[in-house]
Amino acid sequence: MNLIRNHLTEYLIYLLSLAFFAGKTYQIVTALVIVSFFVDVIRFKRWYVFKDTLFIIFSLWCTYLFISALWAVNPSFSMTGALQLFAWCSLYLAIRFTFVTKKQIETFIKLQACVVLFVAFNSLLQFFVGYNLFGIPLEGSRVSDLFNERRTIGHLLPVWIGLFGAMLAFTGHTKRTYLLYTLALLGLLITLPLTGTRGPLVILAIFLPLIAWMSPYRKWAFMALGGLLIAVVCIIAVTPTLQQRLATLSNPFEDQRHTRIPIWLTALEEFKDNPILGVGFHNYRYRVFDYYEDSFESVEINRETGNYAYHAHSPWLDILSEQGLVGICFALAMLATIALSAYRSGANVLIGSMGVWYAFSLLNSTFTISSGRWSYFMILSISFFVIILNYKKAIDEKP
């Protein structure tokens, strides 16, 4: 009983790993993880955890977002959104100080590999058979999530890229372990084009050669990357729907002319009118009609029908429009702290930060801090980074 109580937070995070792709159950498990962690902090008087640099930045940032209710049209959304984001940051703190030993971290990452492989297996089964294990049918030749027809996995899976890429760069694993991480990474990369998502593919096209180049097994890494490219090309070649979907990348701005671009232009108008503080956290949607112009020609924003965009569909325009330059300063401080830690820790940890750069990329048109679900995985990408940072510290410690 004492063993379970002393390791309850760790076990709950393992359970959380199984809930990432299971609808909104991850929110319930996250709440349990946070409660368990803070109970342990109080019980063992581990006050030092609150001195973590990133958590201090997160706390100040969330405080500012909460205060933005003072000038927001819908203040309750600003306050609840800030509290929710602080909960995700608290999960970061729990992961940061729970997985500190080499054995703990390896167990955690092996579990992540198994989860990603299960998702990849279901995607391949759905693509070739027509249904996945949970009876979700293939629609439009594009694979979906495990339990519904949505395709969020195409945006979520790249968050794990740095985790597996970094572990493959570390030496000293058994052959079986290297095989597990390799299969997980390949499964992740094969699943992405099957979902038909385009943005993540563009970003990964930049990151994957960097990961291969920084790998200590550079020759094998590039050979695997070449084999993967051939496999993906073959799959796309026999799937007209995916061909049509990816063909839009040849002229991305024209393809987004009536969808994303009007949303971005509206966000810029909100920022231009409120450059310092923004319109208030979680309030982009409530100010859309104040700044949207008919000349933007959006098919998603319409005053007559009341249709509007929920967020700015860009991590940086989302921050600019809702938080202004003050919010940008917090975001840059956070990323500068991560970049400095990665630079000081070497190539392996730099690879481990790739998930963060994906989540906060200028090319990412899905993730935003103001969205509860997307912000969760943005913060999770930072948690994965610190796990690799902890692993580097653990193997560098003298026995």
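Residues numbered from 1 in each chain as written. Predicted model: local features only at pLDDT ≥ 70, side-chain atom pairs only at ≥ 80, totals over all residues. Heavy atoms only, no water.

**Structural notes on the overall build of the protein chain**
In terms of helices and strands, the protein chain carries 19 helices and 0 strands. Over its C-alpha trace the protein chain gives a radius of gyration of 21 Å, about what one expects of a compact globule, namely 21 Å for 399 residues. When the backbone C-alpha atoms are referred to their principal axes, the protein chain occupies close to 65 × 60 × 40 Å. By residue count, 54% of the 399 residues in the protein chain fall in the buried class. A separation threshold of at least 6 residues defines the contact pool for the protein chain, and within that pool the share at least 24 residues apart is 72%. About 18100 Å² of surface is accessible on the protein chain, with carbon and sulfur atoms providing 66% of the total. On the protein chain, the mean spot of the 30 positive side-chain charges and the mean spot of the 22 negative ones are 15 Å from each other. (Helix = DSSP H or I, 4+ residues; strand = E, 2+ residues; numbered from the N terminus. Rg over C-alpha atoms; globule rule 2.2 N^0.38 Å. Buried < 20%, exposed > 50% of the residue type's maximum accessible area, 1.4 Å probe, protein only. Contact = heavy atoms within 4.5 Å. Areas by Shrake-Rupley, 256 points an atom, 1.4 Å probe, with all protein chains shown as cover. Lys, Arg positive; Asp, Glu negative; His and termini not counted. Charge placed at Lys NZ, Arg CZ, Asp CG, Glu CD.)

**With respect to the packing of aromatic side chains**
Tallied over the entire structure, the rule returns 29 aromatic pairs. On the numbers, 5.9 Å between centres and 75° between planes, the contact of Tyr48 with Phe97 is edge-to-face. With Tyr48 in the loop between helix H3 (25–43) and helix H4 (53–67) and Phe97 in helix H5 (residues 75–98), this pair connects stretches of sequence that are 49 residues apart. Taking relative accessible area as the criterion, Tyr48 reaches 47% and is therefore assigned partly exposed. Three or more aromatic residues link up through ring pairs in this structure, and these residues are Tyr14, Phe20, Phe21, Tyr26, Trp88, Phe99, Phe108, Trp160, Tyr376, Phe377 and Phe384. The aromatic ring of Phe97 is capped on one face by Arg96, whose charged end is 4.4 Å from the ring centroid. (Phe/Tyr/Trp six-rings, centres within 6.5 Å; stacked < 30°, edge-to-face > 60°. Lys NZ or Arg CZ within 6 Å of the ring centre and 35° of its normal.)

**Remarks on the confidence of the model for the protein chain**
Mean pLDDT over the protein chain works out to 87, with 93% of the residues at or above the 70 mark. By mean pLDDT, helix H1 (residues 2–6) is the weakest element of the protein chain at 51, and H4 is the strongest at 97. (pLDDT = per-residue confidence, 0-100.)

**Topic: helix H9 (residues 175–195)**
The terminal C-alpha atoms of H9 lie 31 Å apart, and with 21 residues this matches the ideal 30 Å at 1.5 Å per residue to within 8%. At the C-terminal side of H9, Gly196 shows a positive phi close to 80°. (Expected span 1.5 Å × (residues − 1).)

**Some words on the side chain of Thr366**
Note that Thr366 resides in the loop between helix H18 (354–359) and helix H19 (372–396). According to the relative accessible area criterion, Thr366 is buried, its value standing at 9%. Leaving out residues up to four positions away in the same chain, Thr366 has contacts with His155, His311, His313 and Trp374.

**Notes on the pattern of salt bridges**
Side chains that carry opposite charge are capable of pairing whenever their charged atoms lie near each other. Enumeration over the complete set of coordinates arrives at 5 salt bridges. When the shortest N-O distance is used, the salt bridge between Lys102 and Glu106 registers 2.9 Å. One end of the pair is Lys102 and the other is Glu106, both in helix H6 (residues 102–129) and 4 residues apart, which spans about a single turn. Taking the relative accessible area as the measure of exposure, Lys102 reaches 37% and is therefore partly exposed. Residue Lys392 is joined to Asp396 by a salt bridge in which the shortest nitrogen-to-oxygen separation is 2.6 Å. Pair noted here: Lys392 and Asp396 are both in helix H19, with a separation of 4 residues, about one helical turn. The class of Asp396 is partly exposed, set by a relative accessible area of 46%. (Salt bridge = Lys/Arg side-chain N within 4 Å of Asp/Glu carboxyl O.)

**What about the packing of H4 against H5?**
Their axes nearest at 8 Å, the elements H4 and H5 cross at an angle of 170°. Comparing the axis directions of H4 and H5 gives the class roughly antiparallel. Within the contact between the two elements, H4 uses Leu54, Phe55, Phe58, Ser59, Cys62, Leu65 and Phe66 and H5 uses Ser78, Met79, Ala82, Leu83, Leu85, Phe86, Cys89, Ser90, Tyr92 and Leu93. When its residues are assigned to classes, the contact of H4 with H5 shows 14 nonpolar, 3 polar and no charged. (Axes fitted to C-alpha atoms, helices over the stretch in contact; angles between N-to-C directions. Parallel < 35°, antiparallel > 145°, perpendicular 65-115°, else oblique. Nonpolar A, V, L, I, M, F, W, Y, C, P; charged D, E, K, R; others polar.)

**Quick look at the nonpolar core**
Grouped together as the largest cluster of nonpolar side chains are 116 residues, with contacts concentrated most on Phe21, Ile109, Trp160, Phe164, Met334 and Ile382. By residue number, the principal contributor to this core is H19, which donates 14 residues. Discounting residues that sit within four places of it in the chain, Ile382 has contacts with Leu54, Phe58, Tyr92, Met334, Ile338, Val356 and Phe360. (Core = buried A, V, L, I, M, F, W, Y, C linked by side-chain atoms within 4.5 Å.)

**What about the environment of Lys272?**
Its location among the elements puts Lys272 in helix H14 (residues 260–273). Residue classification places Lys272 among the exposed residues on the basis of a relative accessible area of 57%. Remark: the alpha-carbon pair of Lys272 and Gly81, spanning 191 residues in sequence, is separated by 23 Å. Within polar-contact distance, the side chain of Lys272 engages the side chain of Glu269 at 3.1 Å. (Polar contact = N/O pair within 3.5 Å; in protein donor to acceptor, adjacent residues only side chain to side chain.)

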